[in-house]
Amino acid sequence: MLPIFDTHAHYDDEAFDADRDEVLQGLAMHGVARVTDIGAGIESSKAALELSKKWDFMYCALGVIPGKCSEITDESWKWLCESAEKEEKCVAIGEIGLDYHWDDDPRDVQALWFGNQIDLAKKLGKPIVVHSRDAAKDTIDIMKAHSAGDAGGVIHCYSYTMESARDFLNMGFFFGIGGVVTFQNAKKLAEAVRFIPLSNIVLETDCPYLAPVPHRGERNYSGYLSLVADRIAEIKQMPFETVVEETWHNACRLYKLTEI
Ligand code: NI
């Protein structure tokens, strides 16, 4: 079986409290050989770090998502900077970015911490995991202003047009593609996936959210990623095996991990 890399998961989420170990133990059976658990705030980053220490095949990203930035204190920022530097299993800074859909933090606060965390990633030589919703232009502007291309990384749950994809590609970024690509109404995304070279695509679940068809609405997990790879293969008219194999190599490159 070809190995699959889930580049964006939230197994620290309470949705997995009842059966986390069981779910994680079962992933190998589905070919899932590596998972990066993504911090979505300080508490979630701490939990992601613990998971990555417990499970060999897991890595973590540490970061604060827009919506939780107002909660950052001197102490928690210090913890984040120090842990991101010294913890071996921390492979990225994320998820960080802008969310103008929920607007849970004032936009200037979102922008400030997006920039600060890009700078941290650059300083540590780690890639960034970008969360960007309804904010394509400002995301690109801030990334350019902070030379985010020097850090590199992934635009997670890519939801913008082909035109924006060009800007992110020019900065050398990967695109995280997940369950949404299997939704029937995801026409704009299908167009973007057709346009983005396979060399810049990685697979992600964003679990417990965004389960692919025919599991839409259920709890998502990495075992469903073959459904996402299948849909990408269909859109790009290439063999399923090619998509799985290439996205594995891409994910290892993204997180600077040696191949197994
Ligand atoms: Ni996420």
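One can find the structure itself at the top, above this paragraph.
What this report covers is the structure whose coordinates are included nearby. Everything numeric here is computed off the predicted structure, so don't read it as measured data.

In this section: the pattern of salt bridges. Two side chains of opposite charge can pair, provided their charged atoms sit close to one another. Scanning the model with the defined rule gives nine salt bridges in all. Among the ionic pairs, R219 bridges to D19, the shortest N-O distance being 2.9 Å. In this pair, R219 sits in the loop between strand 8 (201-203) and helix 8 (225-236) while D19 sits in the loop between strand 1 (4-9) and helix 1 (20-26), placing the two residues 200 residues apart along the sequence. K144 is paired through a salt bridge with D167; the nearest N and O atoms lie 3.7 Å apart.

Turning our attention to the side chain of Q117. Here Q117 shows up in helix 4 (residues 107-124). In contact with Q117, other than residues within four places in its own chain, are G63, V64, W77, L80, I93, I96 and I128.

Here the focus is the environment of W77. One can find W77 in helix 3 (residues 74-86). W77 gets classed as partly exposed once you look at its relative accessible area, which sits at 21%. Linking W77 and Q117, residues 40 residues apart in sequence, is a C-alpha distance of 9.8 Å. Look past the residues within four positions of W77 in its chain and what remains in contact with it is I72, W113, N116, Q117 and L120.

Let's shift gears to the side chain of H10. Structurally, H10 can be placed in the loop between strand 1 and helix 1. On the basis of relative accessible area, H10 is assigned to the buried category, the value being 6%. In this structure, H10 is in contact with F16, D37, I38, A40, E95, D206, C207 and P208, ignoring residues within four places of it in sequence.

The next subject is the coordination of the nickel ion. The coordination sphere of the nickel ion, as far as protein atoms go, consists of H8 (NE2), H10 (NE2), E95 (OE) and D206 (OD), spread over 2.1 to 2.3 Å. Here the nickel ion is ringed by four donor atoms whose angles at the metal span 85 to 174°, and the overall shape comes out irregular. Donor residues for the nickel ion sit on one chain with the sequence pattern H-x1-H-x84-E-x110-D. For the pair formed by H8 and H10, the shared burial category is buried.

On to helix 6 (residues 162-170). By the burial criterion, the buried members of helix 6 are S164, A165, F168 and L169. One side of helix 6 carries all its buried residues, which in axial view fall inside an arc of 145°. Tucked inside the fold, the buried residues of helix 6 contact helix 5 (136-145), strand 6 (153-155), strand 7 (174-177) and helix 7 (187-195).

Moving on to unusual backbone geometry. The linkage connecting C207 with the following residue, P208, adopts the cis geometry, with an omega of 15°. On the secondary structure map, P208 appears in the loop between strand 8 and helix 8. With an omega dihedral of 10°, the bond running from V213 to P214 counts as a cis peptide bond. Within the element layout of this structure, P214 appears in the loop between strand 8 and helix 8. In this structure, C157 is a non-glycine residue whose phi angle is positive, near 50°. Turning to its location among the elements, C157 is positioned in the loop between strand 6 and helix 6. Given the relative accessible area of 22%, C157 is considered partly exposed.

One turn of an α-helix holds 3.6 residues; hence residues three or four places apart share an orientation. The complete set of buried residues in helix 5 reads A136, T139, I140, I142 and M143. Angular distribution of buried residues about the axis of helix 5 spans 165°; they occupy a single face of the element. In helix 5, the exposed positions angled more than 90 degrees off the buried face are occupied by K137 and A145. Contacts from the buried residues of helix 5 go to strand 4 (90-99), helix 4, strand 5 (128-133), strand 6 and helix 6. Downstream of helix 5 by one or two residues, S147 has phi in the positive range, about 45°.

At their nearest, the axes of helix 7 and helix 8 sit 9 Å apart, and the two run at 70° to each other. Relative to helix 8, helix 7 is oriented roughly perpendicular. For the pair helix 7 and helix 8, contact is made by A190, V193 and R194 and by R231, I232, I235 and K236, respectively.

Let's shift gears to the sheet that holds strand 5. By definition, the strands of a sheet pair up through backbone hydrogen bonds, in either a parallel or an antiparallel sense. The eight strands lie next to each other as 1-2-3-4-5-6-7-8, forming an open sheet whose pairing is parallel. Since the sheet does not close on itself, it has two edges, and those belong to strand 1 and strand 8, each with one partner. Neighbouring strand axes in the sheet, compared pairwise and without regard to direction, differ in orientation by 30° on average. Sheet analysis places strand 4 next to strand 5, joined by six bridges and oriented parallel. Bridging from a neighbouring strand, I96 pairs with V130 of strand 5. Sitting on the sheet, helix 5 is in contact with strand 4, strand 5 and strand 6, with an inclination near 150° to strand 5.

Reading the values: rules and limits
Residues numbered from 1 in each chain as written. Predicted model: local features only at pLDDT ≥ 70, side-chain atom pairs only at ≥ 80, totals over all residues. Heavy atoms only, no water. Salt bridge = Lys/Arg side-chain N within 4 Å of Asp/Glu carboxyl O. Helix = DSSP H or I, 4+ residues; strand = E, 2+ residues; numbered from the N terminus. Contact = heavy atoms within 4.5 Å. Buried < 20%, exposed > 50% of the residue type's maximum accessible area, 1.4 Å probe, protein only. Donors = N, O, S within 2.8 Å, 3.2 Å for Na, K, Ca; no water. Tetrahedral: all angles 85-135°; square planar, octahedral: opposite > 155°, others 65-115°. Arc of directions from axis to C-beta. Axes fitted to C-alpha atoms, helices over the stretch in contact; angles between N-to-C directions. Parallel < 35°, antiparallel > 145°, perpendicular 65-115°, else oblique. Pairing = 2+ DSSP bridges.

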